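Observations on the model geometry
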Amino acid sequence: MNRRPCPPRSQRADRAGSRPPSLSPLLLAAAAAAASGGCEGVLSGGGDGGGLRDVSIRTPQLDALSQSAELLSRVKHVLNAYCAECHSGREGVAEGGFGFIFDAQKMAEAGIVEPGEPGRSKLIQRLRDDSMPPRDYGFRPTEQDIKLLELWISEDSPPLIAVSERPRPTRDAVLAAMKADLNDQPGPSQNDVRYISLAPILANRGIADREIDGYENAVSKLVNSLSTESAIVRPVPVVDAETGQTVALRIRLSSYGWSPADWGTIERATELTDRTAEPCDVPFLNADAFVAVASSDNVPMLDGSTRSVYSNVILKNWLAARGMLDPAQDLYPDAQAPSPLGWGQVESTLGIDATAAISAGDGRVVRAGFQASGESSSNRVVERYDTPSGGYYWRSYDFSTYGSQDGTRDIFRTPVGPAGQVWRDGAPLDPAAVPQFSPAGGAGFFGLPNGLQAYVLVDAAGQMVRTADRAISGDPLNVQGNRANENGASCLRCHHDGVVEVKDQVRDVIEKASNSFSNYEVGFVATRHPRADALEATIEADAARFRQALRQTRLHDAASGPLPDGIFDLAALYRGYLDLGSVASEFLVDEATLRAAAERIVEQGQEPAARSLLIEGGGLQRAALTYLYPLLRQELGVGDFGQFCVKPGAAPEPTPEPEPEPEPEPTPEPEPEPTPEPTPEPTPEPVPAPAP
């Protein structure tokens, strides 16, 4: 979880009323998502809970979460979104003496929650009477968020931070398992193999076993979401022979259309690895680092810059394979500017002529417009296209402010648009004759050949951007704490179940007030905004295709209840606040050992940041740990685990042979006995992509 010190009220106040809050993956009812017109999430609507206060406490969606790891994951997200800034206990943050929001036992002892009795719990009472979070905080919990907490309390408030008794993996065992697995692969294919280590999350006693199942699923979902291939290919578990634990996942770059350069893009962005001096044949990355970096288009670097990774893997590969750019070209050659590519190139690769389809009104475009969106700060229009390959493409038009004097930012006054893309009689429609809306930016996604989705954000000119303008849209659950709507990470979270249900409000408005609009405007809406049942059927067909592909990515099923969609959680583990236990887990040691190492570093005066690990409730942000990493590694004597390089064909414990001494007449060495070639493990059969 990304936990930040509670800001002074003066800093909170400028947040209030700045824009309608965005959504998180915690809004459970599909009807709620539809009513808000945005992604399913924690922050839907305003202080009235998004108009959902009439939803019963136990709904089918909530019942599905009962007694599941997903319930605990979502409860933590809600508490993190609304309570953690002031009550996490991190770095002494404990307003009103309450600094244990993630400790269910302490909250019960203090009377903040009454296990089994949500109505008597002060936590629920304060949320229900709207006294918490403070009004100047800006973001308000929805009815579904509160009901989620009520469900958790009604089940006797199970611990949010589980204490696992599973064995802590050792560094040597994890490395040996990966090396042995690598040696079992056919020699020529070893350069195609990479590993994603689960060791740090296995070592973290605060992560429940079922959560780890969700994290393994998350790795599989992400690698397939970055794939240009037509088949879903699940990573292969690598098991420690002694404990029977899955300690890593093996992937093959070619299974996802990746090159070694794509892996290098991800690897370099972790800043724990530098292969430039001594290239590594088959490297691995820890799962939390891999997911946090590979899903992000705004990776913060130690030099203060940011780096695009998500788009420079999936979108670059997609566009390069179709001749839109050189594979060696960065999508963002100027880190401070939009990409030179945008809607036009993406739509060209999908076989879509948006201007022709919008202008024709012949059913090729399906639109919906609504007042409030969970992602954007104003009214919004979304539209859908079929692709010639049988897939789908959705894009949105977003606006910087609600309304304007000429109505070009209000879709209920100006339903025709966008300006410049509506033609009539062989020429662009004259805005003096028919007003047309002008978006300030947009977002979009398209179905990949394997049934999952790729995402794009654009500016007003339609050029790709890594993060949206904050005046247009935002993401209050961004794991970096900057509330930016970030391509990749924010989109994957919002669309964790695929296509989000929306309801069109424009057609109803135009039909009921048709006398206020021209015949052209009324006809334009009638031929592009379908009736509710047709729109619902279109969305459900696309959503079903995505869900089918998503099921095929899973390494673990949800037989005992829904598993968390761990992409967001894993990224939060990596980017969030790291306490002593989290740092110890990263080095596969216990807290006492890590504390002793930090004390030695402080005594030697090497790195002041180590002091943060020694204070009560102390910890580090990821950037500080990156600076501290080499010193801790040295003090702990664990070697270069985070950067370990597995060499193809190497024995599990290679020992270099001494150079033979020269002799005048050397005696011929006997020929070594041939080493039997290892039997290759069968390559997992790819799962065929779902039928469109």
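Residues numbered from 1 in each chain as written. Predicted model: local features only at pLDDT ≥ 70, side-chain atom pairs only at ≥ 80, totals over all residues. Heavy atoms only, no water.

1. Focus: the overall build of the protein chain
Rule in force here: Helical segments are the DSSP runs of H or I of at least four residues, strand segments are the runs of E of at least two, and each set is numbered from the N terminus. Burial status follows relative accessibility: with a 1.4 Å probe on protein chains alone, a residue under 20% of its type maximum counts as buried, one over 50% as exposed, and anything between as partly exposed. Each accessible area is a Shrake-Rupley result for a 1.4 Å probe, and residues are judged covered by the shown protein chains and nothing else.
Counting its regular elements, the protein chain contains 24 helices and 16 strands. Sorting the 692 residues of the protein chain into buried and exposed places 56% on the buried side. Counting every atom, the protein chain has about 28200 Å² of accessible surface; 51% of that belongs to carbon and sulfur.

2. Description of the nonpolar core
Put simply, the rule reads: Remark: nonpolar core denotes a set of buried residues (Ala, Val, Leu, Ile, Met, Phe, Trp, Tyr, Cys) joined through side-chain atoms within 4.5 Å. Throughout, a contact is declared for two residues whenever any of their heavy atoms are within 4.5 Å.
If you look at the biggest cluster of nonpolar residues, it comprises 115 residues, and the most contacted ones within it are Trp-258, Ile-266, Phe-290 and Phe-446. If you tally residues by element for this core, the top one is helix 13 (residues 287-294), at 7 residues. Not counting residues up to four positions away in its chain, the partners in contact with Ile-266 are Trp-258, Leu-285, Phe-290, Val-293, Ala-294, Val-309 and Val-313. The next biggest cluster of nonpolar side chains, apart from the first, holds 25 residues, and it includes Met-107, Val-113, Leu-127 and Leu-151.

3. Focus: the pairing of strand 7 (residues 366-370)
This is how the line gets drawn: The pairing criterion for strands is at least two bridges between them, as found by DSSP.
Within strand 7, 5 of the 5 residues are buried, which leaves the element mostly enclosed by the surrounding structure. Both faces of strand 7 are covered, namely the face carrying Val-366, Ala-368 and Phe-370 and the face carrying Arg-367 and Gly-369. Here strand 7 pairs with strand 8 (residues 380-386) via 5 bridges, running antiparallel. Paired with Ala-368 across the bridge in strand 8 is Val-382.

4. Overview of the packing of aromatic side chains
The description of an aromatic ring pair uses the distance of the two centres, along with the angle that the planes make with each other. Rule in force here: The rule is short: rings of Phe, Tyr and Trp, with Trp giving its six-membered ring, pair when the centres are within 6.5 Å, and they are stacked under 30 degrees, edge-to-face over 60, tilted in between.
Tallied over the full model, the rule gives 11 aromatic pairs. Judged by centre distance (5.0 Å) and plane angle (45°), the rings of Trp-318 and Phe-446 are tilted. Residue Trp-318 is located in helix 14 (residues 311-321), and its partner Phe-446 is located in strand 12 (residues 441-447); the two are separated by 128 residues in the primary sequence. Here Trp-318 and Phe-446 have matching classes, each one buried. A ring pair is formed by Phe-445 and Tyr-455, whose centres lie 5.9 Å apart and whose planes are at 50°; its orientation type is tilted. Pair noted here: Phe-445 is in strand 12 and Tyr-455 is in strand 13 (residues 453-459), with a separation of 10 residues, a long-range link. Residue classification places Phe-445 among the buried positions, given a relative accessible area of 9%. For Tyr-455, a relative accessible area of 2% gives the class buried. The rings of Trp-343, Tyr-385 and Tyr-393 are connected pair by pair, giving a single aromatic cluster.

5. So, the sheet that holds strand 8
Whenever strands of a sheet pair, they do so through backbone hydrogen bonds, lying parallel or antiparallel. The condition that has to hold: Orientation is described by axes fitted as lines to C-alpha atoms, over the contacting stretch for helices, and by angles from 0 to 180 degrees between their N-to-C directions.
Read across the open sheet, the 5 strands follow the order 7-8-9-12-13; overall the sheet is antiparallel. The open sheet terminates on both sides in strands that have one partner only, identified here as strand 7 and strand 13. The sheet shows a mean angle of 15° between the axes of neighbouring strands, direction not considered. When strand 9 (residues 392-398) meets strand 12, the two strands line up antiparallel, connected through 4 bridges. Bridged to Arg-395 within strand 12 is Gly-444. Against the sheet, helix 14 touches strand 12 and strand 13, its axis set at about 90° to strand 13. The strands that helix 20 (residues 532-553) touches are strand 7, strand 8, strand 9, strand 12 and strand 13; relative to strand 9, the one it contacts most, it runs at about 120°.

6. Let's talk about the side chain of Ser-490
Its location among the elements puts Ser-490 in helix 17 (residues 489-494). Once residues lying within four places of it in the same chain are set aside, the contact partners of Ser-490 are Asp-475, Asn-478, Ala-484 and Asn-485.

7. Overview of the packing of helix 11 (residues 209-225) against helix 20
Condition: For classification purposes, angles smaller than 35 degrees are called roughly parallel, those larger than 145 roughly antiparallel, those between 65 and 115 roughly perpendicular, and all remaining angles oblique. Whether a crossing is left-handed or right-handed is set by the direction in which the near helix is turned from the far one by less than a right angle, anticlockwise for left-handed and clockwise for right-handed. Amino acids are sorted into nonpolar (Ala, Val, Leu, Ile, Met, Phe, Trp, Tyr, Cys and Pro), charged (Asp, Glu, Lys and Arg) and polar (every other residue, Gly among them).
Relative to each other, helix 11 and helix 20 sit at 125°, their axes nearing to 9 Å. Considering the angle they form, helix 11 stands oblique to helix 20. Crossing handedness for the pair helix 11 and helix 20: right-handed. Together, Ser-220, Lys-221 and Asn-224 of helix 11 and Phe-546, Leu-550 and Thr-553 of helix 20 make up the contact between the two elements. By residue class, the composition of the contact of helix 11 with helix 20 is 2 nonpolar, 3 polar and 1 charged.

8. Description of helix 13
Where burial is concerned, most of helix 13 is hidden: 8 out of the 8 residues are buried. Those residues of helix 13 not exposed but buried are Ala-287, Asp-288, Ala-289, Phe-290, Val-291, Ala-292, Val-293 and Ala-294.

9. A word on the pattern of salt bridges
For the record, the criterion: A side-chain nitrogen of Lys or Arg and a carboxyl oxygen of Asp or Glu constitute a salt bridge if their distance falls within 4 Å.
Across all of its chains, the model carries 20 salt bridges by this definition. One salt bridge connects Asp-542 with Arg-384, and the closest N-O pair in it is separated by 2.6 Å. Of this pair, Asp-542 sits in helix 20 while Arg-384 sits in strand 8; the two residues are 158 residues apart in sequence, bridging distant segments of the chain. A single burial state applies to Asp-542 and to Arg-384, both of which are buried. Where salt bridges share partners, they join Arg-128, Glu-143, Lys-147 and Glu-150 into one cluster.

10. A word on the packing of helix 13 against helix 21 (residues 566-575)
Across the interface, helix 13 lies against helix 21 with an axial gap of 8 Å and an inter-helix angle of 105°. When the interaxial angle is binned, helix 13 and helix 21 end up roughly perpendicular. Mapping the contact onto sequence places Ala-287, Asp-288, Ala-289, Val-291, Ala-292 and Val-293 in helix 13 and Ile-567, Leu-570, Ala-571, Tyr-574 and Arg-575 in helix 21. In terms of residue class, the contact of helix 13 with helix 21 is made up of 9 nonpolar, no polar and 2 charged.

11. Things to note about the confidence of the model for the protein chain
What counts here: What pLDDT expresses is the predictor's confidence in each residue, scored from 0 to 100.
The predicted model of the protein chain averages 78 in pLDDT, with 74% of residues at 70 or higher. Mean pLDDT per element in the protein chain: helix 2 (residues 30-36) is the minimum at 30, and strand 13 is the maximum at 97. Between residues 1-58, whose pLDDT stays under 50, and residues either more than four places distant or in other chains, the model counts 188 contacts. For the stretch residues 674-683, pLDDT sits under 50, and the model shows 10 contacts to residues farther than four places along the chain or on other chains.

12. Side note on the state of the cysteines
Stated precisely, the cut-off is as follows: Any two cysteine sulfur atoms within 2.5 Å of one another count as a disulfide.
Taken as a whole and judged by the stated rule, the model has 0 disulfides. Residue Cys-83 stays outside any disulfide, its sulfur separated by 8.9 Å from that of Cys-86, the closest cysteine. Between Cys-491, a cysteine without a disulfide, and Cys-494, which holds the nearest cysteine sulfur, the sulfur-to-sulfur distance is 7.7 Å. Relative accessible area serves as the criterion here: at 7%, Cys-491 is assigned to the buried category.

13. Section: the pairing of strand 2 (residues 236-239)
Only one face of strand 2 is buried: it carries Val-236 and Val-238, and the other face, with Pro-237 and Val-239, is open. Between strand 2 and strand 3 (residues 246-252), which follow one another and run antiparallel, lie 6 residues, and Gly-244 among them has a positive phi close to 75°.

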